[in-house]
Amino acid sequence: MWLSLGIILSLGMLIPGKLSLKLQYDRDQVLHIVPETLQQVQHLQLLHSTLLLDLWKPLMPEDIMAGEELHIRVPAPLVQEVKDSLDQHMISYRVLIPDVQELVDQSMPRERSSHKQVREGYDYTQYHPMEEIYQWITQIQNNYSELVTQHFLGMTFENRPMYYLQISQPSNKPKKIIWMDCGIHAREWISPAFCQWFVKEILQNYKSDPKIRRFLQNLDLYVLPVLNIDGYIYSWETDRLWRKNRSPYENGTCYGTDLNRNFNSSWGTVGVSFDCNSNVFCGSEPESEPETKAVAQFIRRKKSDIACFLTIHSYGQLILSPYGSTTKPPSNNEELIQVGEKAAAALAGKYGTSYKVGPPSLILYNNSGSSRDWAHMIGIPLSYTFELRDNGTYGFLLPANQIQPTCEETMLAVTTIIDYVYQTYLPNGAVVLTSSSLALSLWLSIVLTWTVS
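The structure presented is a predicted model; accordingly, all values stated were derived computationally and were not measured.

> Lay out the overall build of the protein in plain terms, naming residues and giving numbers.
Check the secondary structure of the protein and you find 15 helices and 16 strands. Per-residue burial over the protein gives 55% buried out of 453 residues. In the protein, the share of contacts with a sequence separation of at least 24, taken over all contacts with a separation of at least 6, comes to 73%. Only carbon and sulfur atoms are counted for the fraction: they give 53% of the accessible area of the protein, which is about 20000 Å².

> Outline the nonpolar core, supporting the account with residue identities and numerical values.
By size, the foremost hydrophobic cluster in this structure holds 85 residues, and its most contacted members are Trp-179, Phe-198 and Phe-386. Looking at which element gives the most residues to this core, the answer is helix α7 (residues 190-205), with 9 residues. By size, the runner-up hydrophobic cluster in this structure holds 17 residues, among which are Leu-44, Ile-64, Leu-70 and Leu-78.

> Break down the packing of α7 against helix α14 (residues 403-424) for me, with residues and values.
It is at 9 Å that the axes of α7 and α14 come closest, and there the two elements cross at 65°. Remark: the crossing between α7 and α14 carries right-handed chirality. Only Ile-403, Gln-404, Thr-406, Cys-407, Glu-408, Thr-410, Met-411, Val-414 and Ile-418 of α14 make contact with α7, whose side of the interface consists of Ile-190, Ala-193, Phe-194, Trp-197, Phe-198, Glu-201 and Ile-202. Of the residues assigned to the contact of α7 with α14, the class counts are 11 nonpolar, 3 polar and 2 charged.

> Could you give an account of the state of the cysteines, with specific residues and numbers?
Across all of its chains, the model carries 2 disulfides by this definition. Across the disulfide, Cys-254 is cross-linked to Cys-276 (sulfur-sulfur distance 1.7 Å). Disulfide Cys-254-Cys-276: torsion about the S-S bond near -80°, hence left-handed. Of this pair, Cys-254 sits in strand β12 (residues 254-255) while Cys-276 sits in the loop between β12 and α10 (290-302), placing them 22 residues apart in sequence. Accessibility expressed as a relative area gives 3% for Cys-254, which makes it buried. The class for Cys-276 is buried, based on a relative accessible area of 2%. Counting only the cysteines that form disulfides, in the order they appear in the protein, gives the pairing 1-2, 3-4. Counting only cysteine sulfurs, Cys-182 is the nearest neighbor of Cys-407, a cysteine outside any disulfide, at a range of 8.9 Å. Using a relative accessible area of 1% as the deciding quantity, one classes Cys-407 as buried.

> Account for the environment of Val-226, naming residues and giving values.
Along the chain, Val-226 turns up in the loop between β10 (219-224) and α9 (229-237). Between the C-alpha atom of Val-226 and that of Trp-189, which follows or precedes it by 37 residues, the distance is 9.7 Å. Among all residues touching Val-226, those that are not within four sequence positions of it are Met-130, Ile-133, Cys-182, Gly-183, Pro-192 and Tyr-232.

> Describe the pattern of salt bridges, listing the residues and the values that go with them.
The final tally for this structure, using the stated rule, is 12 salt bridges. When the shortest N-O distance is used, the salt bridge between Lys-200 and Glu-201 registers 2.6 Å. In this structure Lys-200 comes out as buried when scored by relative accessible area, which is 10%. Accessibility expressed as a relative area gives 19% for Glu-201, which makes it buried.

> How would you summarise the sheet that holds strand β5 (residues 70-74) if you had to cite specific residues and measurements?
Strand order in the open sheet formed by 4 strands is β4-β5-β3-β6, and the pairing between neighbours is antiparallel. Every interior strand has two partners, whereas the edge strands, β4 (54-57) and β6 (93-97), have only one. Between one strand axis and the next, the sheet turns through 35° on average, direction left out of account. In the sheet, strand β3 (residues 29-33) pairs with β5 via 5 bridges, with the strands oriented antiparallel. Looking at the pairing, Val-30 lines up with Arg-73 of β5.

> Run through the packing of aromatic side chains, naming residues and quoting values.
The relative placement of two aromatic rings is captured by the distance of their centres and the angle of their planes. The tally for this structure, following the rule as stated, stands at 23 aromatic pairs. Consider the rings of Trp-179 and Phe-298, whose centres lie 5.8 Å apart with planes at 45°: the pair is tilted. Of the two residues, Trp-179 is situated in strand β9 (residues 176-182) and Phe-298 in helix α10; the sequence distance between them amounts to 119 residues. Of the residues examined, Trp-179 reaches a relative accessible area of 0% and is grouped as buried. Classification of Phe-298 by relative accessible area gives buried; the value is 5%. Between Tyr-222 and Phe-298, the ring centres sit 5.9 Å apart and the planes meet at 35°, which makes this aromatic pair tilted. Here Tyr-222 is found in strand β10, whereas its partner Phe-298 is found in helix α10, with 76 residues between them in sequence. Ring pairs connect the aromatic residues Tyr-164, Trp-179, Tyr-222, Phe-298 and Phe-309, which therefore count as one cluster. The ring of Phe-396 has Arg-187 lying over it, and the distance from NZ or CZ to the ring centre is 3.8 Å. The ring of Trp-242 has Arg-246 lying over it, and the distance from NZ or CZ to the ring centre is 4.7 Å.

> Account for unusual backbone geometry, naming residues and giving values.
Of the consecutive residues Lys-57 and Pro-58, the connecting peptide bond is found in the cis state with omega at -10°. Here Ser-314 and Tyr-315 are connected by a cis peptide whose omega angle stands at 5°. Phi is positive for Arg-27, close to 65°, though the residue is something other than glycine. For Arg-27, a relative accessible area of 57% translates into the label exposed.

Parameters at a glance
Residues numbered from 1 in each chain as written. Predicted model: local features only at pLDDT ≥ 70, side-chain atom pairs only at ≥ 80, totals over all residues. Heavy atoms only, no water. Helix = DSSP H or I, 4+ residues; strand = E, 2+ residues; numbered from the N terminus. Buried < 20%, exposed > 50% of the residue type's maximum accessible area, 1.4 Å probe, protein only. Contact = heavy atoms within 4.5 Å. Areas by Shrake-Rupley, 256 points an atom, 1.4 Å probe, with all protein chains shown as cover. Core = buried A, V, L, I, M, F, W, Y, C linked by side-chain atoms within 4.5 Å. Axes fitted to C-alpha atoms, helices over the stretch in contact; angles between N-to-C directions. Left-handed = near helix turned anticlockwise from the far one by under 90°. Nonpolar A, V, L, I, M, F, W, Y, C, P; charged D, E, K, R; others polar. Disulfide = S-S within 2.5 Å. Salt bridge = Lys/Arg side-chain N within 4 Å of Asp/Glu carboxyl O. Pairing = 2+ DSSP bridges. Phe/Tyr/Trp six-rings, centres within 6.5 Å; stacked < 30°, edge-to-face > 60°. Lys NZ or Arg CZ within 6 Å of the ring centre and 35° of its normal.

Shown next as C-alpha coordinates:
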(Lines give C-alpha, C1' and ligand atoms only; values in the text may rest on other atoms or scores of the structure.)
Protein backbone atom coordinates (compact mmCIF):
# COMPACT_ATOMS: atom_id res chain seq x y z
CA MET A 1 0.00 0.00 0.00
CA TRP A 2 2.70 2.47 1.02
CA LEU A 3 4.64 1.90 -2.20
CA SER A 4 1.75 2.87 -4.47
CA LEU A 5 0.81 5.75 -2.19
CA GLY A 6 4.43 6.92 -2.20
CA ILE A 7 4.56 6.91 -6.00
CA ILE A 8 1.48 9.12 -6.13
CA LEU A 9 2.24 11.45 -3.27
CA SER A 10 5.99 11.94 -3.36
CA LEU A 11 5.33 14.15 -6.37
CA GLY A 12 2.94 16.36 -4.44
CA MET A 13 -0.79 16.65 -5.08
CA LEU A 14 -2.23 17.99 -8.33
CA ILE A 15 -5.11 20.41 -8.06
CA PRO A 16 -6.79 22.54 -10.73
CA GLY A 17 -5.52 26.12 -10.90
CA LYS A 18 -6.60 29.22 -12.80
CA LEU A 19 -4.11 28.80 -15.65
CA SER A 20 -2.70 25.32 -15.12
CA LEU A 21 -2.46 22.44 -12.70
CA LYS A 22 -0.45 23.30 -9.60
CA LEU A 23 1.29 20.86 -7.35
CA GLN A 24 0.42 21.40 -3.72
CA TYR A 25 2.59 20.39 -0.77
CA ASP A 26 0.10 20.86 2.09
CA ARG A 27 1.54 19.52 5.37
CA ASP A 28 4.50 17.90 3.62
CA GLN A 29 7.48 18.11 5.95
CA VAL A 30 11.22 18.40 5.45
CA LEU A 31 13.18 16.37 7.99
CA HIS A 32 16.77 16.85 9.13
CA ILE A 33 18.48 13.53 9.83
CA VAL A 34 22.05 12.58 10.67
CA PRO A 35 22.53 8.80 10.40
CA GLU A 36 25.16 7.42 12.79
CA THR A 37 25.76 3.91 11.46
CA LEU A 38 25.95 2.06 8.17
CA GLN A 39 22.74 0.20 9.09
CA GLN A 40 20.92 3.52 9.54
CA VAL A 41 22.28 4.74 6.19
CA GLN A 42 20.99 1.57 4.50
CA HIS A 43 17.57 1.97 6.11
CA LEU A 44 17.31 5.57 4.90
CA GLN A 45 18.27 4.50 1.39
CA LEU A 46 15.59 1.81 1.54
CA LEU A 47 12.98 4.29 2.77
CA HIS A 48 13.90 6.67 -0.03
CA SER A 49 13.66 4.06 -2.77
CA THR A 50 10.50 2.38 -1.42
CA LEU A 51 8.49 5.53 -0.85
CA LEU A 52 10.16 7.71 -3.52
CA LEU A 53 10.88 10.43 -0.98
CA ASP A 54 12.35 13.73 -2.21
CA LEU A 55 16.01 14.15 -1.24
CA TRP A 56 17.07 17.79 -0.91
CA LYS A 57 20.52 17.13 0.56
CA PRO A 58 22.27 15.15 -0.76
CA LEU A 59 20.53 14.73 -4.11
CA MET A 60 21.27 11.02 -4.52
CA PRO A 61 20.70 8.15 -2.04
CA GLU A 62 24.22 6.83 -2.77
CA ASP A 63 25.58 10.02 -1.17
CA ILE A 64 23.82 9.44 2.18
CA MET A 65 26.65 8.88 4.66
CA ALA A 66 27.04 8.26 8.38
CA GLY A 67 27.74 11.50 10.21
CA GLU A 68 26.52 13.68 7.31
CA GLU A 69 23.25 15.57 7.50
CA LEU A 70 20.34 14.66 5.30
CA HIS A 71 17.35 16.83 4.30
CA ILE A 72 14.37 14.96 2.91
CA ARG A 73 10.83 16.03 1.99
CA VAL A 74 8.13 13.62 3.15
CA PRO A 75 4.61 13.85 1.67
CA ALA A 76 1.92 14.54 4.29
CA PRO A 77 0.23 11.08 4.19
CA LEU A 78 3.60 9.42 4.80
CA VAL A 79 4.93 11.69 7.56
CA GLN A 80 3.80 9.61 10.54
CA GLU A 81 4.79 6.32 8.93
CA VAL A 82 8.28 7.64 8.13
CA LYS A 83 8.73 9.07 11.65
CA ASP A 84 7.62 5.77 13.20
CA SER A 85 10.10 3.90 11.00
CA LEU A 86 12.91 6.27 12.00
CA ASP A 87 12.03 5.80 15.69
CA GLN A 88 12.00 2.00 15.32
CA HIS A 89 15.52 2.11 13.87
CA MET A 90 16.75 4.56 16.53
CA ILE A 91 17.40 7.24 13.88
CA SER A 92 17.07 10.71 15.40
CA TYR A 93 15.52 13.50 13.36
CA ARG A 94 14.08 16.97 13.67
CA VAL A 95 11.55 18.82 11.55
CA LEU A 96 13.15 21.55 9.44
CA ILE A 97 9.99 22.63 7.60
CA PRO A 98 6.67 21.66 9.24
CA ASP A 99 4.51 22.62 6.23
CA VAL A 100 6.16 22.97 2.83
CA GLN A 101 3.10 24.54 1.20
CA GLU A 102 3.06 27.33 3.78
CA LEU A 103 6.56 28.35 2.68
CA VAL A 104 5.63 27.98 -0.99
CA ASP A 105 2.71 30.37 -0.47
CA GLN A 106 4.93 32.86 1.38
CA SER A 107 7.49 32.92 -1.44
CA MET A 108 4.85 33.78 -4.04
CA PRO A 109 4.48 37.57 -4.39
CA ARG A 110 1.10 39.15 -4.04
CA GLU A 111 -0.92 39.61 -7.21
CA ARG A 112 0.20 42.70 -9.08
CA SER A 113 0.07 43.90 -12.64
CA SER A 114 3.30 44.32 -14.58
CA HIS A 115 2.17 47.84 -15.55
CA LYS A 116 2.03 48.77 -11.86
CA GLN A 117 5.55 47.34 -11.45
CA VAL A 118 6.88 49.64 -14.16
CA ARG A 119 5.11 52.68 -12.67
CA GLU A 120 6.28 52.11 -9.12
CA GLY A 121 9.76 50.86 -9.96
CA TYR A 122 11.13 47.34 -9.91
CA ASP A 123 11.10 45.70 -6.49
CA TYR A 124 14.40 43.87 -6.01
CA THR A 125 13.27 42.46 -2.66
CA GLN A 126 10.58 40.27 -4.24
CA TYR A 127 10.79 37.22 -6.48
CA HIS A 128 9.67 37.87 -10.05
CA PRO A 129 8.08 35.61 -12.68
CA MET A 130 9.84 35.31 -16.03
CA GLU A 131 7.49 37.71 -17.80
CA GLU A 132 8.59 40.48 -15.44
CA ILE A 133 12.27 39.53 -15.76
CA TYR A 134 12.00 39.79 -19.56
CA GLN A 135 10.49 43.28 -19.12
CA TRP A 136 13.22 44.17 -16.63
CA ILE A 137 15.95 43.16 -19.11
CA THR A 138 14.48 45.50 -21.74
CA GLN A 139 14.00 48.30 -19.20
CA ILE A 140 17.58 48.02 -17.92
CA GLN A 141 18.94 48.31 -21.45
CA ASN A 142 16.75 51.35 -22.15
CA ASN A 143 17.62 53.10 -18.87
CA TYR A 144 21.38 52.50 -19.12
CA SER A 145 21.94 52.42 -22.87
CA GLU A 146 25.40 53.98 -22.47
CA LEU A 147 26.58 50.88 -20.59
CA VAL A 148 24.19 47.99 -21.20
CA THR A 149 23.38 45.97 -24.28
CA GLN A 150 20.99 43.04 -24.44
CA HIS A 151 22.20 40.09 -26.53
CA PHE A 152 20.45 36.99 -27.82
CA LEU A 153 22.11 33.77 -26.65
CA GLY A 154 19.83 31.04 -27.97
CA MET A 155 16.42 29.41 -27.65
CA THR A 156 15.16 27.09 -24.93
CA PHE A 157 13.53 23.74 -25.65
CA GLU A 158 10.08 25.39 -25.41
CA ASN A 159 11.22 28.05 -27.86
CA ARG A 160 11.78 30.97 -25.50
CA PRO A 161 14.64 33.41 -26.13
CA MET A 162 17.64 33.46 -23.80
CA TYR A 163 19.18 36.91 -23.32
CA TYR A 164 22.31 38.02 -21.49
CA LEU A 165 23.21 41.56 -20.52
CA GLN A 166 26.63 42.97 -21.39
CA ILE A 167 27.74 45.77 -19.07
CA SER A 168 30.62 47.50 -20.74
CA GLN A 169 32.21 50.92 -21.03
CA PRO A 170 33.19 51.72 -24.63
CA SER A 171 36.90 51.11 -25.13
CA ASN A 172 39.37 50.57 -27.94
CA LYS A 173 41.48 48.15 -25.91
CA PRO A 174 40.73 44.44 -25.38
CA LYS A 175 39.07 43.71 -22.05
CA LYS A 176 38.72 40.66 -19.87
CA ILE A 177 35.24 39.24 -19.22
CA ILE A 178 33.48 38.17 -16.03
CA TRP A 179 30.66 35.72 -16.81
CA MET A 180 27.79 35.18 -14.38
CA ASP A 181 24.72 33.00 -14.86
CA CYS A 182 21.77 32.44 -12.56
CA GLY A 183 18.80 30.12 -12.47
CA ILE A 184 20.28 26.95 -14.01
CA HIS A 185 18.08 25.10 -11.48
CA ALA A 186 14.48 26.25 -11.63
CA ARG A 187 13.51 26.07 -7.96
CA GLU A 188 16.49 28.11 -6.73
CA TRP A 189 14.67 31.46 -6.96
CA ILE A 190 17.22 33.38 -4.90
CA SER A 191 19.69 32.87 -7.75
CA PRO A 192 17.94 34.98 -10.46
CA ALA A 193 17.10 37.47 -7.71
CA PHE A 194 20.84 37.90 -7.11
CA CYS A 195 21.68 38.36 -10.80
CA GLN A 196 19.14 41.17 -10.95
CA TRP A 197 20.46 42.70 -7.72
CA PHE A 198 24.04 42.52 -9.03
CA VAL A 199 23.13 44.36 -12.26
CA LYS A 200 21.21 47.00 -10.29
CA GLU A 201 24.10 47.62 -7.90
CA ILE A 202 26.68 47.96 -10.67
CA LEU A 203 24.53 50.33 -12.73
CA GLN A 204 23.25 52.48 -9.88
CA ASN A 205 26.70 52.96 -8.35
CA TYR A 206 29.24 53.06 -11.16
CA LYS A 207 29.19 56.87 -11.37
CA SER A 208 29.76 57.37 -7.64
CA ASP A 209 31.92 54.32 -6.84
CA PRO A 210 35.50 54.63 -8.14
CA LYS A 211 36.12 50.89 -7.69
CA ILE A 212 33.21 49.97 -9.99
CA ARG A 213 34.37 52.59 -12.50
CA ARG A 214 37.85 51.00 -12.53
CA PHE A 215 36.34 47.56 -13.02
CA LEU A 216 34.33 48.66 -16.02
CA GLN A 217 37.27 50.41 -17.65
CA ASN A 218 39.13 47.09 -17.82
CA LEU A 219 36.48 44.41 -17.53
CA ASP A 220 33.19 43.59 -19.22
CA LEU A 221 30.42 41.93 -17.20
CA TYR A 222 28.23 39.37 -18.96
CA VAL A 223 25.14 38.40 -16.93
CA LEU A 224 22.59 35.72 -17.87
CA PRO A 225 19.71 36.40 -15.42
CA VAL A 226 17.91 33.07 -15.97
CA LEU A 227 19.55 30.16 -17.78
CA ASN A 228 16.79 27.57 -17.31
CA ILE A 229 13.84 29.70 -18.43
CA ASP A 230 11.41 26.85 -19.19
CA GLY A 231 12.05 25.24 -15.83
CA TYR A 232 11.79 28.57 -14.01
CA ILE A 233 8.39 29.26 -15.56
CA TYR A 234 7.27 25.72 -14.68
CA SER A 235 8.33 26.34 -11.05
CA TRP A 236 6.03 29.39 -11.00
CA GLU A 237 3.05 27.89 -12.80
CA THR A 238 3.01 24.20 -11.87
CA ASP A 239 5.62 22.78 -9.49
CA ARG A 240 7.50 25.16 -7.16
CA LEU A 241 10.13 22.47 -6.47
CA TRP A 242 10.97 21.68 -10.11
CA ARG A 243 14.74 21.61 -10.77
CA LYS A 244 15.45 20.58 -14.38
CA ASN A 245 14.66 21.97 -17.82
CA ARG A 246 11.52 20.77 -19.64
CA SER A 247 12.72 18.63 -22.53
CA PRO A 248 10.75 15.36 -22.87
CA TYR A 249 12.34 11.92 -22.82
CA GLU A 250 11.07 8.39 -23.45
CA ASN A 251 8.17 9.50 -25.64
CA GLY A 252 7.08 12.17 -23.18
CA THR A 253 6.76 9.84 -20.20
CA CYS A 254 9.30 11.91 -18.25
CA TYR A 255 10.63 15.43 -18.52
CA GLY A 256 13.73 17.40 -17.86
CA THR A 257 17.51 17.22 -17.77
CA ASP A 258 19.64 18.61 -14.97
CA LEU A 259 21.48 21.24 -17.00
CA ASN A 260 24.30 21.27 -14.45
CA ARG A 261 25.04 17.62 -15.25
CA ASN A 262 24.90 18.18 -19.02
CA PHE A 263 28.20 19.96 -19.73
CA ASN A 264 31.12 18.10 -21.27
CA SER A 265 33.24 17.72 -18.13
CA SER A 266 33.65 14.03 -17.25
CA TRP A 267 30.02 13.79 -18.37
CA GLY A 268 28.00 10.89 -17.01
CA THR A 269 30.76 9.47 -14.80
CA VAL A 270 29.71 10.26 -11.22
CA GLY A 271 26.91 11.94 -9.28
CA VAL A 272 24.38 11.61 -12.10
CA SER A 273 21.52 9.37 -13.16
CA PHE A 274 20.58 7.99 -16.57
CA ASP A 275 16.97 7.68 -15.41
CA CYS A 276 15.04 10.63 -16.85
CA ASN A 277 12.77 10.67 -13.79
CA SER A 278 15.75 11.58 -11.60
CA ASN A 279 16.50 15.14 -10.52
CA VAL A 280 20.11 14.57 -11.62
CA PHE A 281 19.38 13.03 -15.05
CA CYS A 282 22.36 14.06 -17.17
CA GLY A 283 20.68 13.97 -20.59
CA SER A 284 21.36 11.70 -23.55
CA GLU A 285 24.84 13.12 -24.24
CA PRO A 286 26.96 16.18 -23.36
CA GLU A 287 25.19 19.37 -24.43
CA SER A 288 22.09 17.43 -25.46
CA GLU A 289 19.97 20.32 -24.17
CA PRO A 290 19.54 23.56 -26.14
CA GLU A 291 20.11 25.71 -23.05
CA THR A 292 23.42 23.99 -22.25
CA LYS A 293 24.53 24.12 -25.88
CA ALA A 294 23.74 27.84 -26.18
CA VAL A 295 25.86 28.69 -23.13
CA ALA A 296 28.69 26.31 -24.05
CA GLN A 297 28.98 27.54 -27.65
CA PHE A 298 29.13 31.15 -26.49
CA ILE A 299 31.68 30.49 -23.72
CA ARG A 300 33.89 28.51 -26.12
CA ARG A 301 33.95 31.44 -28.55
CA LYS A 302 34.92 33.87 -25.78
CA LYS A 303 37.07 31.61 -23.58
CA SER A 304 40.39 33.39 -24.26
CA ASP A 305 38.87 36.62 -22.93
CA ILE A 306 36.96 35.18 -19.95
CA ALA A 307 38.98 35.43 -16.75
CA CYS A 308 36.23 34.34 -14.37
CA PHE A 309 33.14 32.12 -14.64
CA LEU A 310 30.53 32.41 -11.87
CA THR A 311 27.37 30.32 -11.63
CA ILE A 312 24.89 31.10 -8.85
CA HIS A 313 22.84 28.39 -7.10
CA SER A 314 21.21 27.60 -3.75
CA TYR A 315 21.30 26.29 -1.08
CA GLY A 316 24.13 25.39 1.34
CA GLN A 317 26.30 28.52 1.82
CA LEU A 318 29.24 27.29 -0.22
CA ILE A 319 31.78 28.70 -2.67
CA LEU A 320 32.68 25.68 -4.77
CA SER A 321 35.84 25.48 -6.86
CA PRO A 322 36.70 22.76 -9.41
CA TYR A 323 36.41 19.78 -9.45
CA GLY A 324 33.34 17.73 -8.63
CA SER A 325 34.29 14.55 -10.48
CA THR A 326 37.76 14.00 -9.02
CA THR A 327 39.71 14.85 -5.88
CA LYS A 328 42.75 15.63 -8.02
CA PRO A 329 43.20 19.39 -7.61
CA PRO A 330 43.36 21.78 -10.58
CA SER A 331 46.74 23.29 -11.46
CA ASN A 332 45.86 26.66 -9.89
CA ASN A 333 44.11 25.16 -6.86
CA GLU A 334 45.95 27.35 -4.36
CA GLU A 335 44.83 30.49 -6.19
CA LEU A 336 41.23 29.26 -6.44
CA ILE A 337 41.03 28.45 -2.74
CA GLN A 338 42.73 31.67 -1.59
CA VAL A 339 40.47 33.87 -3.71
CA GLY A 340 37.40 31.88 -2.62
CA GLU A 341 38.30 32.22 1.05
CA LYS A 342 38.88 35.95 0.65
CA ALA A 343 35.41 36.22 -0.94
CA ALA A 344 33.86 34.17 1.89
CA ALA A 345 35.51 36.44 4.47
CA ALA A 346 34.13 39.55 2.76
CA LEU A 347 30.66 37.97 2.70
CA ALA A 348 30.82 37.06 6.40
CA GLY A 349 31.79 40.64 7.24
CA LYS A 350 28.26 41.87 6.43
CA TYR A 351 25.93 39.70 8.53
CA GLY A 352 28.23 36.98 9.88
CA THR A 353 26.98 34.37 7.40
CA SER A 354 29.49 31.51 7.22
CA TYR A 355 30.42 29.93 3.88
CA LYS A 356 32.64 26.90 3.26
CA VAL A 357 35.13 27.03 0.39
CA GLY A 358 36.49 24.13 -1.63
CA PRO A 359 35.80 21.59 -4.38
CA PRO A 360 32.51 19.63 -4.22
CA SER A 361 34.42 16.34 -4.23
CA LEU A 362 35.85 17.27 -0.82
CA ILE A 363 33.22 19.43 0.90
CA LEU A 364 29.91 18.38 -0.72
CA TYR A 365 29.52 15.34 -2.98
CA ASN A 366 30.88 14.10 -6.29
CA ASN A 367 29.25 15.25 -9.51
CA SER A 368 30.14 15.41 -13.18
CA GLY A 369 28.98 17.50 -16.11
CA SER A 370 28.88 20.78 -14.17
CA SER A 371 29.37 24.12 -15.89
CA ARG A 372 31.94 25.15 -13.26
CA ASP A 373 34.22 22.18 -13.95
CA TRP A 374 33.73 22.49 -17.71
CA ALA A 375 34.63 26.20 -17.73
CA HIS A 376 37.87 25.50 -15.89
CA MET A 377 38.69 22.51 -18.09
CA ILE A 378 38.51 24.63 -21.25
CA GLY A 379 40.97 27.14 -19.81
CA ILE A 380 39.06 29.73 -17.76
CA PRO A 381 41.31 30.17 -14.71
CA LEU A 382 38.76 31.22 -12.08
CA SER A 383 35.54 29.21 -11.95
CA TYR A 384 33.16 29.05 -8.99
CA THR A 385 29.71 27.85 -8.04
CA PHE A 386 28.02 29.91 -5.32
CA GLU A 387 25.46 28.06 -3.21
CA LEU A 388 23.57 30.89 -1.52
CA ARG A 389 21.55 30.89 1.72
CA ASP A 390 20.58 29.02 3.68
CA ASN A 391 21.70 25.77 5.36
CA GLY A 392 18.29 24.11 5.25
CA THR A 393 15.99 26.06 7.55
CA TYR A 394 14.10 27.12 4.42
CA GLY A 395 16.17 25.34 1.77
CA PHE A 396 14.90 26.06 -1.74
CA LEU A 397 12.02 28.10 -0.27
CA LEU A 398 14.02 31.06 1.06
CA PRO A 399 11.51 33.76 2.07
CA ALA A 400 11.50 37.03 0.15
CA ASN A 401 12.53 38.95 3.27
CA GLN A 402 15.94 37.27 2.96
CA ILE A 403 16.55 38.44 -0.62
CA GLN A 404 18.11 41.76 0.40
CA PRO A 405 20.55 40.50 3.06
CA THR A 406 21.49 37.52 0.90
CA CYS A 407 22.19 39.74 -2.09
CA GLU A 408 24.04 42.37 -0.05
CA GLU A 409 26.48 39.86 1.41
CA THR A 410 26.89 37.96 -1.87
CA MET A 411 27.64 41.23 -3.64
CA LEU A 412 30.65 41.69 -1.34
CA ALA A 413 31.95 38.20 -2.18
CA VAL A 414 31.50 38.62 -5.93
CA THR A 415 33.10 42.07 -6.04
CA THR A 416 36.04 40.65 -4.05
CA ILE A 417 36.58 38.09 -6.82
CA ILE A 418 36.16 40.76 -9.52
CA ASP A 419 38.67 42.96 -7.69
CA TYR A 420 41.16 40.08 -7.72
CA VAL A 421 40.63 39.65 -11.48
CA TYR A 422 41.15 43.38 -11.95
CA GLN A 423 44.36 43.34 -9.90
CA THR A 424 45.76 40.14 -11.40
CA TYR A 425 44.54 39.54 -14.94
CA LEU A 426 45.22 42.49 -17.21
CA PRO A 427 43.40 42.97 -20.54
CA ASN A 428 46.50 41.87 -22.47
CA GLY A 429 46.70 38.67 -20.43
CA ALA A 430 49.76 39.74 -18.45
CA VAL A 431 49.80 39.21 -14.71
CA VAL A 432 50.38 42.08 -12.31
CA LEU A 433 53.58 41.56 -10.33
CA THR A 434 52.97 40.76 -6.69
CA SER A 435 55.61 41.70 -4.11
CA SER A 436 57.03 38.16 -4.14
CA SER A 437 57.12 37.90 -7.92
CA LEU A 438 58.64 41.40 -8.10
CA ALA A 439 61.42 40.34 -5.70
CA LEU A 440 62.02 37.22 -7.77
CA SER A 441 62.28 39.22 -11.00
CA LEU A 442 64.70 41.69 -9.39
CA TRP A 443 66.86 38.82 -8.13
CA LEU A 444 66.87 37.21 -11.58
CA SER A 445 67.85 40.49 -13.24
CA ILE A 446 70.79 40.90 -10.82
CA VAL A 447 71.92 37.31 -11.47
CA LEU A 448 71.62 37.73 -15.22
CA THR A 449 73.49 41.04 -15.15
CA TRP A 450 76.31 39.49 -13.09
CA THR A 451 76.43 36.44 -15.39
CA VAL A 452 76.60 38.51 -18.61
CA SER A 453 79.29 40.82 -17.21
